[in-house]
Structure formats: C-alpha cells, structure tokens
Amino acid sequence: MVNLVSQCQQAEGSPLNEFRPLVLGIDAGGTMTDTLLVDEYGRFAVGKAPTTPHNESEGFLESAEDAAGYFGMSSREAFEALAVVLYSGTGMLNTLLSRTGRRVGLLVTKGMEDMVLMGRGLQAWADYSYQDRLHAVTHAHPEPLIPRNLVRGVTERIDQFGTEIAPVYEHEVVNGVEDMLAKGVEAICICTMFSYVDDAHERQIAEIAQQVIADHKADVDVYLSSAVRSVIREQSRLNSVILEAYAAGRSRQQLLGVEEVAHSQGFRYGVQTVLSYGGLAGVRYPRLHETMISGPVGGILGAKYVGDVIGSDSIIVSDMGGTSFDISAITRGTIPIDDEPTLARFKLNLPTIAMDTIGAGAGTIIKVDPLTKKVSLGPESAGSDPGPVAFGKGGTEPTVCDCDVVMGRLNPDNFLGGKVRLDVEAAKKVIKEKVADPLGIDLYEAAEGMANILEESAKDAMRQMISARAVDPAEYTLMSYGGSGPLHMAEYSRGMGFKNILTFPFAAAFSAFGCATADYLRRYSRSVQLTIPPNADAAHRADVVEQANRVWSALKENAVREMVEEGHEAGKVEIQLFAMTRYTGQLEDVEVPLTIQEFSSDADLDTLVEEFDRLYASINRAVAQYREAGHTITELGLISKVDKIKPQLVKQELGSAQPDAEASKGTRQMYYFKEWHEAALWEMDLLRPGNVVEGPAVVEHPATTLVIPPGDRVWVDEWTILHYEHA
C-alpha cells in the first residue's frame with residue numbers, strides 16, 4: 001500500500017516524516033478486520049487482515065501491524081505511543097445468531113414464566129419475506145435463549161405507581177436459585193413487573209440470589225433488567241437483560257483478549273468499544289449488549305463526519321463488505337435512532353442507529369438448483385476462512401468474489417497488497433461447473449449475471465428504504481464504502497437519481513474511520529408518565545417540572561460517576577438532556593433534544609412543547625399535529641459526552657485533470673456489459689485532487705478496488721474524495 005498518510009492526508013504545519021500515532025480504530029467484520037491509525041495531526045493510515053473469529057485478538061494484531069507499517073513503525077512502537085484503542089465488531093451478534101452463548105436462568109414475577117416463550121408478535125415475524133408472511137405455515141417462533149425449565153416465578157408485585165402490592169417471597173427465590181445452580185446455569189437474570197418505576201424488589205431478589213450463590217461457592221453472574229435498561233415494555237426489557245447475560249459474557253472475553261494483546265504490545269490504557277448509538281465505552285462497561293452492532297455503526301458516524309466537512313447534510317450510506325450490505329439515511333444532519341430495534345428476531349430496549357441490512361457481499365455464496373435452474377445468492381457467506389475459492393484456502397462453493405476475479409475486475413497479484421494471490425483458474429473452474437454449465441450459458445456471462453444479481457439486491461434494498469422513509473434521492477448524496485462497495489457501486493447506484501455519489505481511498509476501512517470519529521458517549525434514560533394537558537394549571541405544571549428534574553438529576557449523577565470510573569475528568573463531561581414526547585394517546589414518541597440542563601422555570605416546559613411540535617411537523621407534516629390532545633412525556637434521558645482526538649480530512653488545491661504518469665499501472669482486459677474491454681489501471685493512492693479517470697478503468701488499492709465501466713468517470717475533489725459520475 002502506498003503510504004496514505006504522506007500522500008493524501010498531510011496536515012498543514014505537521015512535520016512530514018514525524019508520526020506520533022494517538023488513535024487506533026479497528027472494525028472486525030465478518031470477513032476482514034480493518035484498522036485506521038491516526039496521528040496527533042489527524043493524519044491516518046489503513047491496515048487490513050482476515051478476521052479470526054476463533055480468537056479476534058489475532059486478526060486485531062495483524063491488522064494493527066499492517067497499519068503501523070505504513071507509519072514506518074513496529075506494532076510495539078505504535079502501541080506504546082497510543083492514547084486510544086477502540087474496537088468494534090459483530091462477535092456478539094454472531095454469538096446470538098449461532099446460539100453459542102451462556103446457559104442462563106431467569107427469575108420473573110410469578111405468573112410471567114412464559115414471557116420468553118411468548119415473545120412479541122413483531123419479533124416473531126421479523127426477517128420473514130413477504131411470501132412467508134402470506135403463508136403462515138412456514139412460520140416458526142425464534143428459538144428461546146432460555147429454556148422453560150430454567151425459568152422460575154417469584155411472588156411479588158409493585159404496581160405502575162411504585163406502590164408495593166405484595167412483598168418478595170424470599171423462600172421462592174432461594175428455591176429457584178438452588179434449582180438453577182443444580183442445572184448448571186452460568187448466569188441468572190431478574191426481571192420483575194414495573195421495575196422501571198421502582199427497582200427495590202429486583203435489588204432484593206438479587207441480594208438473596210447472590211447469597212445463595214456464595215453459599216454454594218458458585219461462579220454465577222446476576223443481571224437486573226432495571227440496571228440494564230430501566231424503561232417500559234417488559235418484553236423488550238427482558239430481551240435486553242437476557243442478551244446481556246447470554247451473549248455479552250462471551251464477547252467480553254474476546255474484548256479482554258484484545259485488550260491483553262494491546263497491553264502486551266505496550267499500550268497503557270483500557271481498550272474502548274463502540275456502542276450501537278455511536279459512543280465509546282470501555283470493554284468492562286456493564287451494559288455491553290449495547291455494542292451488539294458496533295461495526296456498521298462506525299460507517300454512519302464517518303458519513304456524518306465527512307458530510308459536516310464537505311457541507312452535505314443529507315446522505316444515504318451504503319456499506320458492502322464480504323458478508324453483508326448495510327444502508328441508512330442521514331437527513332438534514334440527523335442520524336436516525338431506533339429505540340426498539342429488532343436484532344436476530346429479538347425486540348430490544350436498545351437505542352440503536354437505525355439501519356437496514358441484507359446478506360449481500362462479495363463473499364456471498366451462489367447456488368443454482370440443478371432441477372429448476374433457480375439462482376439464489378446467500379445468505380451464506382464464505383467469510384474469511386475458507387473464503388472464496390480464488391483465495392486457495394479450501395473454499396469449494398462459488399462466490400461473487402470469484403466472479404469478479406473471472407471477469408478481470410480484481411487484480412490476482414495485488415489483492416490485499418499482494419498478501420493473497422488469487423487463483424484465477426480455480427475461480428473459473430468452480431463458476432463453470434456450478435453456475436455456467438447448470439444454466440447452459442457462457443462462463444463470463446454467468447459471472448457477470450451473478451454480480452448483477454448481487455447489485456440488483458443491493459439496489460432493491462435501497463429502494464425499499466427510500467420508499468419507507470419518503471426520501472427523495474435527488475436531495476441526497478450516496479456514500480459507498482466497505483471493501484466491496486467501490487467494486488459494485490457503479491451498478492447498484494445506476495439509475496437511482498442521487499445528487500452525488502462518493503467513495504473514498506480508505507473505503508475498505510471507512511467503518512474503522514467512523515469509529516475513530518466517535519467521542520466517549522453514553523445514553524441514560526428512564527421511563528416516566530408525565531402529562532401536560534393544554535390547559536394544565538400551575539400546580540400540575542410545577543409537579544411535572546419537579547419530577548423531571550428529579551429524574552434527570554439521578555441520571556446525571558450516574559452518568560458522571562461512570563465517566564469518572566473510566567478515567568475521564570468530571571469537569572470535561574458534557575450533558576445534553578432529551579425527552580421522549582408524544583401527543584397524549586398516540587403510540588409513538590419523538591425524541592426532543594434540549595439545550596437546557598434542567599427545567600429552571602415553567603417557561604422551559606413551553607419550550608419543550610414548542611420544540612416537539614416543530615419536530616413532529618417536520619416528520620409527519622403540520623396537518624398531522626394534534627395539540628388539543630395535550631402532550632405526554634414517556635421517557636426522560638440524557639447523553640453524556642467527552643471529546644477525543646479525531647482523524648482529519650485535509651483540503652488541498654485542485655490540480656490537473658490528467659493523473660500523474662506514476663499513477664498509471666498499464667491496462668488489463670475487463671469483462672463488462674457482456675463484452676471485453678481494455679481497462680486502464682490506476683493506483684488509487686497516487687490520484688491527486690482534480691484528477692479525472694474515464695472508464696473503462698480499474699482504480700486499485702490494496703484494500704479495495706473501484707471499477708469504472710465504459711462511459712462513466714470518476715474525479716477527485718479537494719478532500720481527496722472520489723466522485724462517481726454515470727454516463
């Protein structure tokens with residue numbers, strides 16, 4: 001890899017040959033582990049290595065070594081200088097999908113023992129295709145994470161107003177825990193009705209359980225739903241605490257392994273991980289399930305960061321790697337947050353940056369039914385081990401990556417900077433035998449057809465999101481990234497009508513770049529039921545103000561304490577309040593951010609109402625407003641933040657449209673539009689601001705490849721961002 005630091009990101013006033021790395025960002029995807037190493041001037045370099053699911057620390061170190069090499073440093077020299085190491089990935093999600101988590105027991109309010117089995121209708125039908133929703137005979141409930149024989153009911157009850165109706169029957173707790181220990185549980189969850197109002201009973205049950213565990217000298221963790229997510233909706237709260245117990249424990253061991261390797265290389269601090277709503281937290285963070293989809297989140301943060309730099313506030317993001325295709329929309333600078341996402345068919349009380357995902361990546365396995373000749377892609381992926389057939393690591397099934405190799409779109413001698421030599425003949429053989437021959441068509445026509453199916457699947461996913469969110473593509477910039485994004489963006493963006501289409505020299509590590517732009521950040525919230533009638537008297541409004549301030553005060557105390565425990569100075573913690581608000585009687589909330597630190601007067605209540613009305617109108621149109629119903633606050637919360645150093649995009653002067661001669665790498669035959677073309681080859685890192693590349697062309701980078709078909713072109717702007725233009 002040409003040194004991206006010296007070639008593209010030379011900050012003004014920074015010494016050209018002196019590098020002091022401060023931030024290391026890692027994104028461990030399903031196929032590759034990407035690294036972004038950032039120095040004190042915001043300059044950065046990219047590293048890449050295959051993901052190692054059995055021991056993520058191995059891929060972490062190899063990728064970090066790759067990035068450090070472009071600073072001319074050993075990994076130890078880099079780690080000794082670093083102030084921040086942040087790690088994101090999909091390990092916890094994979095634990096959930098593969099059902100390889102811990103053996104968990106559950107204590108619930110008596111009468112609610114079947115909550116796990118019952119689930120919610122929304123999650124029971126999640127991820128089903130339209131056809132399967134029509135034909136219910138194919139329907140099956142998600143496999144429960146806790147079997148019914150590990151659930152015990154406990155007599156107790158606190159009502160919705162926080163009044164104790166029935167005390168905790170302590171002997172039922174003791175008997176239940178002893179039975180669970182005899183059955184070999186590794187963790188115990190506690191979830192009682194209305195614990196989001198008053199968690200006294202959950203804490204009491206936990207104390208009894210911990211005493212029984214200590215008496216049996218067992219090593220079993222205890223989790224409280226009120227501590228994991230103290231909000232309304234028992235089923236989603238239950239899913240969240242179960243997930244923390246079931247999957248977070250195993251994932252924490254992987255993260256601690258990553259931290260151990262970092263320390264062995266000389267890193268002096270704790271490793272951070274990325275939360276699903278866009279902040280950073282230490283690997284010992286008590287609500288680690290909030291990092292479940294941390295990898296894809298990084299790309300959206302990076303897109304927002306780049307958008308702010310170049311002045312684009314409405315962005316469609318698209319991330320295509322080896323396994324999946326992730327998309328989301330940033331509208332007028334606002335990143336969408338889903339308070340109750342459905343992950344792996346589980347509805348969770350987990351604020352998450354909203355995105356859609358389909359199984360469509362370059363590693364997607366191609367299947368052809370020998371009888372019906374029906375072609376299907378995925379959702380299975382070859383992953384990094386064994387990987388596509390062309391990798392020569394034992395893969396036997398054809399993938400889209402093999403098709404790209406066959407069509408000459410990938411350089412067999414420069415994949416991952418030459419670390420992997422692609423076996424073109426093996427790719428041709430498997431595509432011919434398992435795709436072309438069964439379909440009775442030409443080898444190259446079959447290869448391009450499979451790539452087109454992948455690209456159409458990605459395009460359909462974008463169309464569905466655009467339709468669901470009433471987005472006008474003409475107002476949006478498409479940002480394409482991921483290792484396979486630039487490889488296939490020409491076709492999955494064609495005809496969509498976007499205002500602009502962008503990709504990046506560091507597209508393969510864009511999610512890691514986005515993670516590096518994140519600040520230390522936490523979200524805290526608590527469910528409430530505060531009504532503001534249109535003609536509320538002064539006493540009622542004063543009571544709302546007093547209750548809201550009391551909740552926010554408790555959340556602030558907890559937020560600052562956790563930040564200080566992770567090593568931050570209390571004086572540097574910034575707090576932003578928010579209130580989930582709706583018109584009384586409605587079912588959906590709107591998150592209203594507030595610039596105040598508390599309700600200091602009755603007028604602040606009016607400010608909240610006015611801001612909600614404005615946001616509601618911008619989302620649903622003014623004609624949908626219903627002020628006469630009054631307003632209800634259903635949840636109060638805050639975001640705590642501490643800033644950190646970030647990578648910088650450096651603006652440069654635009655130069656010649658003709659790339660330098662040293663950027664040219666000759667030509668190669670490339671199959672596109674059912675015919676062969678002599679494509680010009682270019683080195684991506686040697687393209688300069690102002691350069692224009694006309695298709696047919698292939699712009700190569702050790703971590704990604706940008707394909708430009710005949711008639712299209714790419715030009716480089718002053719930020720070294722690549723702009724794609726269709727014919």
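Just so it is clear, the model here is predicted, and its values are computed rather than measured.

Cut-offs used in this document
- Residues numbered from 1 in each chain as written.
- Predicted model: local features only at pLDDT ≥ 70, side-chain atom pairs only at ≥ 80, totals over all residues.
- Heavy atoms only, no water.
- Buried < 20%, exposed > 50% of the residue type's maximum accessible area, 1.4 Å probe, protein only.
- Helix = DSSP H or I, 4+ residues; strand = E, 2+ residues; numbered from the N terminus.
- Pairing = 2+ DSSP bridges.
- Axes fitted to C-alpha atoms, helices over the stretch in contact; angles between N-to-C directions.
- Contact = heavy atoms within 4.5 Å.
- Polar contact = N/O pair within 3.5 Å; in protein donor to acceptor, adjacent residues only side chain to side chain.
- Right-handed = clockwise from strand over helix to strand, strands pointing away.
- Expected span 1.5 Å × (residues − 1).
- Bend = angle between axes of the 7 residues up to and from the residue.
- Parallel < 35°, antiparallel > 145°, perpendicular 65-115°, else oblique.
- Nonpolar A, V, L, I, M, F, W, Y, C, P; charged D, E, K, R; others polar.
- Lys, Arg positive; Asp, Glu negative; His and termini not counted.
- Salt bridge = Lys/Arg side-chain N within 4 Å of Asp/Glu carboxyl O.
- Phe/Tyr/Trp six-rings, centres within 6.5 Å; stacked < 30°, edge-to-face > 60°.

Enquirer: Looking at this structure, how should I read helix H16 (residues 485-492)?
Expert: An α-helix turns once per 3.6 residues; consequently, residues spaced three or four apart project the same way. Among the 8 residues of H16, 8 are classified as buried, and the element is accordingly described as predominantly covered. Those residues of H16 not exposed but buried are Gly-485, Pro-486, Leu-487, His-488, Met-489, Ala-490, Glu-491 and Tyr-492.

Enquirer: Which parts of the structure should I look at to understand the environment of Arg-345?
Expert: Looking at where Arg-345 falls in the secondary structure, it is placed in the loop between strand E16 (342-343) and strand E17 (346-347). For the pair Arg-345 and Thr-163, spaced 182 residues apart in the sequence, the C-alpha separation amounts to 34 Å.

Enquirer: Just to check I follow, could you spell out the sheet that holds strand E13 (residues 315-320) for this structure?
Expert: Picture the strands of a sheet paired through backbone hydrogen bonds; they go either parallel or antiparallel. A sheet is described by the order of its strands in space; here 8 strands give the open sequence E19-E14-E13-E22-E23-E34-E33-E30, paired in mixed fashion. At either end of the open sheet lies a strand with only one pairing partner, and these are strand E19 (356-358) and strand E30 (692-694). Neighbour to neighbour, the strand axes of the sheet diverge by 20° on average, direction disregarded. Alignment of strand E33 (residues 713-716) against strand E34 (residues 722-725), held across 4 bridges, turns out to be antiparallel. Counterpart to Arg-713 in the pairing with E34 is Glu-725. Contacting E13, strand E14 (325-330), E19 and strand E22 (477-481), helix H15 (residues 443-468) runs over the sheet at an angle of about 30° to E14.

Enquirer: Any chance you could explain unusual backbone geometry here in plain terms?
Expert: For residues that are not glycine, phi is negative in most cases, and the peptide bond is trans in most cases. Omega for the bond connecting Gly-695 with Pro-696 falls within 30 degrees of zero, at 5°, which places this linkage in the cis form. Position of Pro-696 among the secondary structure elements: in the loop between E30 and strand E31 (697-701). The phi dihedral of Lys-217 is positive, around 50°, even though this residue is not glycine. Tracing the chain through its elements places Lys-217 in the loop between helix H9 (200-215) and strand E10 (221-224).

Enquirer: Please clarify how the side chain of Thr-51 should be interpreted in this entry.
Expert: Mapped onto the elements, Thr-51 comes out in the loop between strand E3 (44-50) and helix H2 (56-69). A polar atom in the side chain of Thr-51 sits 3.0 Å from the side chain of Thr-33.

Enquirer: For this particular structure, what's the right way to read the pairing of strand E23 (residues 500-503)?
Expert: Judged from the 3 bridges that link them, E22 and E23 form a sheet pairing that is parallel. Paired with Thr-477 across the two strands is Asn-500, which belongs to E23. One crossover worth recording links E22 to the parallel E23 by way of H16, and it is right-handed. Examined bridge by bridge, E23 and E34 share 2 bridges and lie antiparallel to one another. By the bridge assignment, Thr-503 is partnered in E34 with Leu-722.

Enquirer: Looking at this structure, how should I read helix H11 (residues 234-264)?
Expert: For H11, spanning 31 residues, the distance from its first C-alpha to its last is 43 Å, which sits close to the expected 45 Å at 1.5 Å a residue. If you look at H11, its biggest bend is around 45°, right at Ala-248. Of all the 31 residues making up H11, 24 are buried; the element is thus mostly covered by neighbouring parts of the structure. In the segment just after H11, Gly-266 is the residue with positive phi, at about 105°.

Enquirer: Help me understand the packing of helix H14 (residues 424-439) against H15 in this model?
Expert: For any two helices packed against each other, one specifies the inter-axial angle together with the distance between the axes. Closest axis-to-axis distance for the H14/H15 pair is 9 Å, and the angle between their directions is 90°. Taken together, H14 and H15 sit at an angle that is classed as roughly perpendicular. Residues Lys-428, Ile-431, Lys-432, Val-435, Ala-436 and Leu-439 of H14 touch H15, and the partners they reach there are Leu-443, Tyr-444, Ala-446 and Met-450. Within the contact of H14 with H15, the residues separate by chemical class into 8 nonpolar, no polar and 2 charged.

Enquirer: Just checking my understanding: could you explain the sheet that holds strand E5 (residues 104-109) for this structure?
Expert: As summarised here, the arrangement of the 4 strands in space is E6-E5-E9-E10, forming an open sheet in which the pairing is parallel. Every other strand in the sheet has two partners, leaving strand E6 (151-154) and E10 as the edge strands with one partner each. Between one strand axis and the next, the sheet turns by 20° as a mean value, whatever way the strands run. As paired elements, strand E9 (residues 187-191) and E10 share 4 bridges and run parallel to each other. Paired with Ile-188 across the strands is Val-222, a residue of E10. In this fold H9 packs onto E5, E6, E9 and E10, with an angle of close to 175° to the strand it touches most, E10. Running over the sheet, H11 touches E5, E9 and E10 and is turned about 165° from E9.

Enquirer: Even after reading the chapter, I still don't get the side chain of Asp-319, so can you show me in this structure?
Expert: Here Asp-319 lies in strand E13. Despite being buried, Asp-319 has no salt bridge partner; Lys-48 is the closest side chain of opposite charge, sitting 8.9 Å away. A polar contact of 3.4 Å, which involves the side chain of Asp-319, links it to the side chain of Ser-511. When sequence neighbours within four positions are dropped, the list of residues in contact with Asp-319 reads Ser-324, Phe-325, Asp-326, Tyr-481, Gly-482 and Ser-511.

Enquirer: Is there a simple way to think about the packing of aromatic side chains in this case?
Expert: Within the structure shown, the criterion is met by 21 aromatic pairs. Judged by centre distance (5.9 Å) and plane angle (15°), the ring pair of Phe-506 and Phe-510 falls under stacked. For Phe-506, a relative accessible area of 3% puts it in the buried group. We classify Phe-510 as buried; its relative accessible area is 0%. On the numbers, 5.6 Å between centres and 45° between planes, the contact of Phe-612 with Tyr-616 is tilted. Separated by 4 residues within a single helix, Phe-612 and Tyr-616 lie in helix H19 (residues 602-620), roughly one turn from each other. Overall, Phe-612 belongs to the buried group, its relative accessible area being 1%. The rings of Tyr-305, Tyr-481, Phe-504, Phe-506, Phe-510 and Phe-513 are connected pair by pair, giving a single aromatic cluster.

Enquirer: Help me understand the pattern of salt bridges in this model?
Expert: When the charged atoms of two side chains lie near each other, side chains of opposite charge can form a pair. As enumerated under the stated definition, the model contains 43 salt bridges in all. Where Arg-148 meets Asp-114, a salt bridge forms, and the shortest distance between an N and an O atom there is 2.7 Å. Highlighted residues: Arg-148 in the loop between helix H7 (130-134) and E6 and Asp-114 in the loop between E5 and helix H5 (115-118), separated in sequence by 34 residues. On the basis of relative accessibility, which here comes to 34%, the residue Asp-114 falls in the partly exposed class. The partner of Lys-428 in a salt bridge is Glu-425, with the nearest N and O atoms 3.7 Å apart. Taken together, the residues Lys-428 and Glu-425, both in helix H14 and 3 residues apart, mark about one turn of the helix. Residue classification places Glu-425 among the exposed positions, given a relative accessible area of 53%. Taken together, the shared-partner salt bridges connect Lys-665, Arg-668, Glu-683 and Glu-700 into one network.

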